[in-house]
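# Structural description and commentary
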Amino acid sequence: QVQVVESGGGLVQAGGSLRLSCTASGGTFSNYNMGWFRQAPGKEREFVAVIGWRGGSTYADSVEGRFTISRDNAKNTVYLQMNSLKPEDTAVYYCARDRRQWREVTTTQTNFGSWGQGTQVTVSS
């Protein structure tokens with residue numbers, strides 16, 4: 001059974017930084033794409049960033065150049081470094097693992113089958 005756990009959220013002023021972490025247990029971590037998504041109040045959950053099992057990454061336009069996704073396969077952990085945070089980045093951030101092994105990078109939420117409980121990020125103006 002896969003367990004995904006996020007950590008690192010909190011309250012930060014605009015322009016500040018946070019680093020989110022996500023550990024995923026169950027299966028061989030290095031075989032899977034890992035993604036970050038977020039859901040702001042009153043809005044649908046949206047894609048933020050994904051890192052492929054081979055290390056390639058893709059970002060949403062809204063975070064490109066400010067956020068960096070990385071992974072440490074030895075620790076079964078994926079990170080999201082968030083810099084130059086804006087109030088519009090306020091959301092619950094979710095980490096998820098691709099359902100499929102050894103696949104091309106995807107941003108489609110339905111391809112992700114194991115989700116964490118989420119961690120709140122609040123950016124004050």
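Details of the structure are given in the entry above.
Residues numbered from 1 in each chain as written. Predicted model: local features only at pLDDT ≥ 70, side-chain atom pairs only at ≥ 80, totals over all residues. Heavy atoms only, no water.

## So, the nonpolar core
Here is the rule: Take the buried residues of types Ala, Val, Leu, Ile, Met, Phe, Trp, Tyr and Cys, join any two whose side-chain atoms come within 4.5 Å, and each joined set is a nonpolar core. Exposed residues in this analysis have more than 50% of their type's maximum accessible area, buried residues have under 20%, and partly exposed residues fall in between, with area computed by a 1.4 Å probe over protein chains only. Numbered from the N terminus, helices here are DSSP runs of H or I no shorter than four residues, and strands are runs of E no shorter than two. Residues count as neighbours in contact if any of their non-hydrogen atoms are within 4.5 Å of one another.
Among the nonpolar cores identified, the biggest contains 32 residues, and Trp36, Val78, Leu80, Met82 and Tyr93 are the most heavily contacted of them. Where this core is concerned, the elements lending two or more residues are strand S3 (18-25), strand S4 (32-39), strand S5 (46-51), strand S7 (67-72), strand S8 (77-82), strand S9 (91-101) and strand S11 (119-124). For this core, the leading source of residues is S5, giving five residues. Excluding residues that lie within four positions of it along the chain, Val78 makes contacts with Leu20, Ser21, Cys22, Phe29, Met34, Trp36, Ile51, Ile69, Ser70, Arg71 and Cys95.

## Some remarks on the pairing of S9
Just so we agree on the cut-off: The pairing criterion is simple: DSSP has to find at least two bridges between the two strands.
A large share of S9 lies buried, amounting to eight of its eleven residues. For S4 and S9, the ladder comprises seven bridges, and the chain directions are antiparallel. Following the sheet pairing, Arg38 is matched in S9 by Tyr93. Here S9 pairs with S11 via three bridges, running antiparallel. Residue pairing for S11: Val92 is matched across the bridge by Gln120. Bridging between S9 and strand S10 (residues 112-115) involves three bridges; their strand directions are antiparallel. Pairing of Arg97 across the sheet is with Ser114, part of S10.

## Some remarks on the pattern of salt bridges
For the record, the criterion: One speaks of a salt bridge when a side-chain nitrogen belonging to Lys or Arg is within 4 Å of a carboxyl oxygen belonging to Asp or Glu.
For the coordinates displayed, the defined rule picks out four salt bridges. When the shortest N-O distance is used, the salt bridge between Asp98 and Arg100 registers 2.8 Å. Linked through salt bridges whose partners overlap, the residues forming this network are Arg38, Glu46, Arg66 and Asp89.

## A word on the packing of aromatic side chains
Worth spelling out the cut-off: Between rings of Phe, Tyr and Trp, where Trp is taken as its six-membered ring, a pair exists when centres lie within 6.5 Å; planes separated by under 30 degrees are stacked, by over 60 edge-to-face, and by other angles tilted. In this analysis the charged atom, NZ for Lys or CZ for Arg, is taken to sit over a ring once it is within 6 Å of the ring centre and within 35 degrees of the ring normal.
All chains considered together, the criterion is met by three aromatic pairs. Summarising the aromatic geometry, the rings of Phe37 and Phe47 are spaced 5.9 Å apart at their centres and angled 70° between planes, so their arrangement reads as edge-to-face. Highlighted residues: Phe37 in strand S4 and Phe47 in strand S5, separated in sequence by ten residues. Since its relative accessible area comes to 16%, Phe47 is described here as buried. Aromatic side chains Phe37 and Trp115 sit 4.9 Å apart centroid to centroid with 50° between the ring planes, which places their arrangement in the tilted category. One end of the pair, Phe37, is in strand S4; the other, Trp115, is in strand S10, with 78 residues separating them in the sequence. Here Phe37 falls in the buried class, since its relative accessible area comes to 0%. Of the aromatic side chains, those joined through ring pairs into one cluster are Phe37, Phe47, Phe112 and Trp115. In this arrangement the basic side chain of Arg45 is found over the ring face of Tyr94, its NZ or CZ atom lying 5.6 Å from the centre. Cation over ring: Arg45 sits above Trp115, and NZ or CZ is 3.6 Å from the ring centre.

## Some remarks on unusual backbone geometry
The backbone of Ser84 sits at a positive phi, close to 50°, despite the residue not being glycine. The residue Ser84 is located in the loop between S8 and S9 in this model. A positive phi angle, near 60°, is found at Trp102, a position not held by glycine. You can see Trp102 is positioned in the loop between S9 and S10.

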